[in-house]
Amino acid sequence: MNYCESSHQKTLEPSHYEIIMSMRYNLIKCSCGFSFGSTKSKENYCTKCGSTRNLVIVEKFENPEELARAISFANLPDEISEELILKIKEKESKIKTNKINNNNDLGGLSVLKKATDKQGNLTKSSLDKFLSEEGSIESSSEYLIGQAEVQGFLIRVNENTWNWLS
Ligand SMILES: [Zn+2]
């Protein structure tokens, strides 16, 4: 905020003052999947498809730098952005955890859990991807899935997909 605004606030109409105080850098997501930024909470339109409907304010930020970063994250394909966020937030602790987990039998399971998507599906390709990114796992995806299957944790639902048994 600049000093000009605060020194003039007494002369502003309450509504104007409120507008200034409530000014936020909004991260807005359109139903087309595109995310964009706006300082307005109303009357926005998607900068990709032009829609003025089905816009949701996902998050509010205090400054344009944070917003810009959030937008670039938001517009990455889901898989990539999740990976990036994971890497940034958990980089250190994740590597440590995996090293510990690899020393016991449940280590493989925690890896399998992490490679499982939100719908509860585990695919060989997602596990392969996860393992190669981790770089610290020696077991192959076939081996890990095979072990979990034999132990009754996983059930195969199609050629490349497994679900967890409760
Ligand atoms: Zn759109």
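Only a predicted model underlies this, so the values are computations on that prediction, with no experimental measurement involved. (Residues numbered from 1 in each chain as written. Predicted model: local features only at pLDDT ≥ 70, side-chain atom pairs only at ≥ 80, totals over all residues.)

For strand β1 (residues 25–30) and strand β3 (residues 55–61), the ladder comprises six bridges, and the chain directions are antiparallel. Pairing of Ile28 across the sheet is with Ile57, part of β3. Pairing geometry for β1 and strand β2 (residues 35–38), over four bridges, is antiparallel. Within the sheet, the bridge partner assigned to Lys29 lies in β2 and is Ser35. Remark: four residues form the turn of the hairpin made by β1 and β2, two consecutive strands paired antiparallel; Gly33 in that turn has positive phi of roughly 100°. (Pairing = 2+ DSSP bridges. Helix = DSSP H or I, 4+ residues; strand = E, 2+ residues; numbered from the N terminus.)

This next bit is on the environment of Leu55. Within the secondary structure layout, Leu55 lies in strand β3. Measuring from C-alpha to C-alpha, the distance between Leu55 and Ser41 comes to 9.9 Å, with 14 residues separating the pair along the chain. Beyond its immediate chain neighbours, meaning those up to four positions away, Leu55 contacts Ile28, Cys30, Asn44 and Cys46. (Contact = placed C-beta atoms within 7 Å.)

A few words now on helix α7 (residues 141–150). When we look at burial in α7, the residues that qualify are Ser141, Leu144, Ile145 and Ala148. All buried residues of α7 lie within an arc of 90° about the axis, which places them on one face of the element. Of the exposed residues in α7, the ones pointing more than 90 degrees away from its buried face are Glu142, Tyr143 and Val150. Once α7 finishes, Gly152 follows within two positions and takes phi at roughly 80°, a positive value. (Buried ≥ 20, exposed ≤ 12 C-beta atoms within 10 Å, placed from the backbone. Arc of directions from axis to C-beta.)

For the rest of this paragraph, the subject is the nonpolar core. In terms of nonpolar packing, the biggest core is built from ten residues, these being Val111, Leu112, Ala115, Leu122, Leu127, Leu144, Ile145, Ala148, Leu154 and Trp162. Those elements that provide at least two residues to this core are α5 (107–114) and α7. The dominant element in this core, judged by the number of residues it contributes, is α7, at three residues. Ignoring anything within four residues of it in the chain, the contact list for Ala115 reads Leu122, Ser126, Leu127 and Phe130. Of all hydrophobic cores here, the second largest spans six residues; its members include Ile28, Cys30, Cys46 and Leu55. (Core = buried A, V, L, I, M, F, W, Y, C linked by C-beta atoms within 7 Å.)

For the rest of this paragraph, the subject is the packing of helix α6 (residues 124–134) against α7. The contact between α6 and α7 brings their axes to 9 Å, and the two run at 120°. The orientation of α6 relative to α7 falls into the category oblique. Like other packed secondary-structure pairs, α6 and α7 cross with a definite hand, here right-handed. Seen from α6, the contacting residues are Lys124, Leu127, Asp128 and Leu131; seen from α7, they are Ser141, Leu144 and Ile145. Here the contact of α6 with α7 is built from residues that sort into four nonpolar, one polar and two charged. (Axes fitted to C-alpha atoms, helices over the stretch in contact; angles between N-to-C directions. Parallel < 35°, antiparallel > 145°, perpendicular 65-115°, else oblique. Left-handed = near helix turned anticlockwise from the far one by under 90°. Nonpolar A, V, L, I, M, F, W, Y, C, P; charged D, E, K, R; others polar.)

In this section: the environment of Glu43. Along the polypeptide, Glu43 turns up in the loop between β2 and β3. We classify Glu43 as exposed; it has 8 C-beta atoms within 10 Å.

Okay, the environment of Phe61 next. With respect to the element layout, Phe61 can be found in strand β3. Spatially, the C-alpha atom of Phe61 lies 9.9 Å from that of Gly37, the residues being 24 residues apart in sequence. Setting aside its immediate chain neighbours within four residues, Phe61 contacts Arg24, Tyr25, Leu27, Glu66, Leu67 and Ala70.

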